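Overview (structure and organization)
In case you want the letters, here they are:
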Amino acid sequence: MRAIAAETLAPFQRRIRRISDSSTLEHVAAIFDGDARSLLDFAERPQAYDDVGRTIDWGRRRMRRWSRSKYEKIIHRMIAREPVRIGRKRYRVDRMSGWYQVEFREVGTKRRRTFNLDELVQLSDGKNLSSAASRKRKAARKRRA
């Protein structure tokens, strides 16, 4: 399984490196090579780890039953590199830093600012975090109505 995972990782390494830090990518590669431990290697782990994928009907595509979590929405926006507005400032995603932090560059000044995923979710709850794409969708809906 690790060999298959390592083969799958290889074509995507450059893209992953662009959005993550080097130590994260090195750790993932080490897990796939068997040189580092993953959560699956520990005897004490959630039971769900052993049942992953068993209930999926791999032969049939199905619609998503539940809406995406706030974290999934934020992560999707970061991967898509959508510019965001936080307060009065606009930021572009620069890269991920580890598993939890996102580094941004302010559009006008190019200053770097780091937010963790919890902060981004909280900002999106308060509507202080908006994207150009969501504003365009809202404007298009208004024009159609």
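Just so we're clear, the structure is a prediction, and the values are computed from it rather than from any experiment.

Rules of the game
- Residues numbered from 1 in each chain as written.
- Predicted model: local features only at pLDDT ≥ 70, side-chain atom pairs only at ≥ 80, totals over all residues.
- Heavy atoms only, no water.
- Helix = DSSP H or I, 4+ residues; strand = E, 2+ residues; numbered from the N terminus.
- Buried < 20%, exposed > 50% of the residue type's maximum accessible area, 1.4 Å probe, protein only.
- Areas by Shrake-Rupley, 256 points an atom, 1.4 Å probe, with all protein chains shown as cover.
- Axes fitted to C-alpha atoms, helices over the stretch in contact; angles between N-to-C directions.
- Parallel < 35°, antiparallel > 145°, perpendicular 65-115°, else oblique.
- Contact = heavy atoms within 4.5 Å.
- Nonpolar A, V, L, I, M, F, W, Y, C, P; charged D, E, K, R; others polar.
- Patch = residues over 30% accessible without salt bridge, like charges linked within 9 Å, V, L, I, M, F, W, Y side chains within 5 Å.
- Salt bridge = Lys/Arg side-chain N within 4 Å of Asp/Glu carboxyl O.
- Lys, Arg positive; Asp, Glu negative; His and termini not counted.
- Charge placed at Lys NZ, Arg CZ, Asp CG, Glu CD.
- Polar contact = N/O pair within 3.5 Å; in protein donor to acceptor, adjacent residues only side chain to side chain.
- 1 Å grid on protein atoms, 1.4 Å probe; cavity = no way out; pocket = protein on both sides within 12 Å on 5 of 7 lines; lining within 4 Å.
- Points joined across faces, edges and corners; volume = space filled by probe spheres on them.

On to the overall build of the chain. Across its full length, the chain holds 7 helices and 5 strands. Along its sequence from the N terminus, the chain presents helices and strands in the succession α-α-α-α-α-β-β-β-β-α-β-α. For the chain, buried positions account for 26% of its 145 residues. With the model as given, the accessible surface of the chain reaches about 11,600 Å², and the carbon-plus-sulfur share is 52%.

Attention shifts here to the packing of helix H5 (residues 70-79) against helix H6 (residues 117-125). Orientation of H5 relative to H6, taken along the N-to-C sense of each, is 105°, at an axis distance of 10 Å. One finds that H5 runs roughly perpendicular with respect to H6. Between H5 and H6, the contacting residues are Lys 70, Tyr 71, Ile 74, Ile 75 and Met 78 on the first element and Leu 117, Asp 118, Leu 120, Val 121, Ser 124 and Asp 125 on the second. Of the residues belonging to the contact of H5 with H6, the class tally is 7 nonpolar, 1 polar and 3 charged.

The next subject is a positive patch on the surface. Residues Arg 14, Arg 15, Arg 18 and Arg 81 make up a contiguous surface patch of positive charge. Structurally, Arg 81 can be placed in the loop between H5 and strand S1 (84-86). You can call Arg 81 partly exposed: its relative accessible area is 33%.

A separate point is the side chain of Ser 124. One can find Ser 124 in helix H6. A residue is classified by how much of its surface remains accessible, and Ser 124, at 19% relative accessible area, is buried. A distance of 2.7 Å separates a polar side-chain atom of Ser 124 from the backbone oxygen of Val 121. In this view, Ser 124 contacts Ile 74 and Leu 129; residues no more than four positions away in its chain are not counted.

Turning our attention to empty space enclosed by the protein. Scanning the entire structure with this criterion turns up 1 cavity of 30 Å³ or more. Looking at the largest cavity, its volume works out to about 40 Å³. Lining the largest cavity are Ile 19, Ile 75, Met 78, Ile 79, Val 93, Arg 95 and Met 96. Counting residues per element, the ones that place at least two in the lining of the largest cavity are H5 and strand S2 (89-97). Along the lines of polarity and charge, the residues of the lining of the largest cavity split into 6 nonpolar, no polar and 1 charged.

The subject of this paragraph is the layout of surface pockets. Considering only enclosed or pocket space, the second largest pocket measures out at about 400 Å³ in volume. Lining the second largest pocket we find 15 residues, and of these Ile 16, Ile 19, Ser 20, Ile 79 and Met 96 sit closest to its centre. For the lining of the second largest pocket, the secondary structure elements donating two or more residues are helix H2 (13-19), helix H3 (22-33) and H5. Of the residues forming the lining of the second largest pocket, the biggest block, 4 residues, is contributed by H2. Considering only residue class, the lining of the second largest pocket consists of 9 nonpolar, 3 polar and 3 charged.

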